[in-house]
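# Architecture and fold: a report
The residues making up each chain are set out below.
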Amino acid sequence: MGKNRLSRENIDLLHRLKTQFPDYYKYYGRKISKKLSKKSLDLMNEYYQAFSLDEEIINYHELKKFNKKLIFTEAKFNRVNIEIGFGNGEFLLKSALANPDELFIGSEFYVNGIAKVLKEIVNLSIHNLKLTNLNSIYLLQSIQSNSVDKIYILNPDPWKKKRHHKRRLISADNLKLFNKVIKSKKSIYITTDSKDYLKSIKEISKTNREFFGILDIEILSDSNCLYGVSRYQRKAIENGGKIYLVRI
Ligand SMILES: C[S@@+](CC[C@H](N)C(=O)[O-])C[C@H]1O[C@@H](n2cnc3c(N)ncnc32)[C@H](O)[C@@H]1O
């Protein structure tokens, strides 16, 4: 990973960071997303810096010995929530709008999702939402322990093939990391329609009981506030699938 300091010019932030620090933006999945329209590119250039945590997180990692971990304890926010892999941002936006006293941090690799949410942040003057396009692990590693109220991960990529299981976001190491930043147990909310993913989460918890205790698992009913809240969930429901909620 490059040891060069961030340059300060305020143009095309994301392009500059991705070129200078490619490792932080690495991902196994979709490498090419739909090309951003000129309008979205202009929006990203104009506003991404103001709502992005990318520079702070990269700075934390690159200049570790000088920097303290990120703490989000501004007096105006009662609580801090993170959504990892927010996709098109539907749940993230709705949650931020419904809870103006809480801070929401959205992490997503998919740049079209970032641009979509940024557009709404600007259009609706949302003041309690921050974004990052980095691999979420760098975000979680940079955050102060016991400082996050809730983490949401809605229908993470199931990586169905056995040889791809190691790519799953919900691994023992990542769960330990998530567990470290949350303030209290049972504050990590994971939904999935994949029985196989559910099974692997159960196995992880069983072999790491001292960290995770007994999992709370339920099949979401349509009256649950997390039911059908994202595109991938609805796709699964339309195909006759069940949505499992795991709370860790
Ligand atoms: C299957 S999609 C689900 C999207 C959305 N949560 C939904 O339910 O519609 C998983 C998303 O997680 C994102 N993602 C996966 N791993 C990630 C990571 N380590 N950091 C940030 N985003 C990630 C992917 O880019 C993708 O958009």
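The following refers to the structure shown. The numbers attached to residues start from 1 for each chain and follow its sequence in the written order. Side-chain atom pairs in this predicted model are given and counted only at pLDDT of 80 or more, local residue features only at pLDDT of at least 70, and totals for whole chains, interfaces and linings cover all residues. Excluded from the side-chain calculations are hydrogens and water; all other atoms, namely the structure's heavy atoms, are used.

## Brief notes about the overall build of the protein
- Secondary structure elements follow DSSP: runs of H or I of four or more residues count as helices, runs of E of two or more count as strands, with numbering from the N terminus. Looking only at helices and strands, the protein features ten helices and seven strands.
- Computed over its C-alpha atoms, the radius of gyration of the protein comes to 18 Å, within 12% of the 18 Å expected for a compact globule of 248 residues.
- Overall, the protein is about 50 × 40 × 40 Å in size when its C-alpha atoms are taken along their principal axes.
- Throughout this description, buried means an accessible area under 20% of the type-specific maximum (1.4 Å probe, protein chains only), exposed means over 50%, and partly exposed covers the range between. When each of the 248 residues of the protein is scored for burial, the buried share is 48%.
- Here, residues are in contact when the closest pair of their heavy atoms is within 4.5 Å. Once local pairs closer than 6 in sequence are excluded, the contacts in the protein between residues at least 24 apart make up 75%.
- Carbon and sulfur atoms provide 51% of the accessible area of the protein, an area that totals close to 13400 Å².
- Note that His is not counted, nor are the chain ends; the positive residues are Lys and Arg, and the negative ones are Asp and Glu. Every charge is mapped onto a representative atom, which is NZ of Lys, CZ of Arg, CG of Asp or CD of Glu. In the protein, 45 side chains carry a positive charge and 27 a negative one; their mean positions are 5 Å apart. For the radius of gyration, the atoms used are the C-alpha atoms, and the globule rule reads 2.2 Å times the number of residues raised to 0.38. Using a 1.4 Å probe, accessible areas were evaluated by the Shrake-Rupley method; residue-level cover was limited to the displayed protein chains.

## Thoughts on the sheet that holds strand E3 (residues 129–132)
- With mixed pairing, the seven strands of this open sheet are ordered in space as E3-E2-E1-E4-E5-E7-E6. Unpaired on one side and paired on the other, E3 and strand E6 (216–219) mark the two borders of the sheet. Strand-to-strand twist across the sheet, computed as the mean angle between neighbouring axes with direction ignored, equals 15 degrees.
- With six bridges joining them, strand E1 (residues 79–84) and strand E2 (residues 102–107) adopt parallel strand pairing. Bridge pairing in E2 links Glu83 to Gly106.
- Angular values range over 0 to 180 degrees, each being the angle between N-to-C directions of two axes fitted as lines to C-alpha atoms, with helices fitted over their stretch in contact. Contacts from helix H4 (residues 90–98) reach E1, E2, E3 and strand E4 (150–154) within the one sheet, and its direction differs from that of E2 by about 170 degrees. By the convention used here, strands pair only if DSSP detects at least 2 bridges between them.

## Looking at the site of the ligand
- Put simply, a residue is near a molecule or strand once any heavy atom of it comes within 4 Å of that molecule or strand. Lining the immediate surroundings of the ligand are 17 residues, of which Gly85, Glu108, Leu154, Ser230 and Tyr232 lie closest.
- A distance of 2.9 Å separates an oxygen atom of the ligand from a polar backbone atom of Tyr232.
- Computed on the free molecule, the ligand has an accessible area of 600 Å², of which 95% lies beneath the protein chains in the complex.
- Considering only residue class, the shell around the ligand consists of six nonpolar, seven polar and four charged. Any pair of N or O atoms that falls within 3.5 Å is considered a polar contact. Within protein, one atom must be able to donate a hydrogen and the other to accept it, and sequence-neighbouring residues count only if both atoms are side-chain atoms. Gly falls in the polar group here, along with every residue not listed as nonpolar (Ala, Val, Leu, Ile, Met, Phe, Trp, Tyr, Cys, Pro) or charged (Asp, Glu, Lys, Arg).

## Topic: a positive patch on the surface
- Patches here: salt-bridge-free residues with over 30% relative accessible area, like charges joined within 9 Å, nonpolar side chains (Val, Leu, Ile, Met, Phe, Trp, Tyr) joined within 5 Å. Here, a salt bridge means any side-chain nitrogen of Lys or Arg that lies within 4 Å of a carboxyl oxygen of Asp or Glu. Among the surface-exposed residues, Lys34, Lys39, Lys116, Lys119, Arg231 and Lys235 lie close enough to one another that they form a single positively charged patch.
- Mapped onto the positive patch, the elements with two or more residues apiece are helix H5 (111–123) and helix H10 (231–238).
- You can see Lys235 is positioned in helix H10.
- Overall, the relative accessible area of 40% leaves Lys235 in the partly exposed class.

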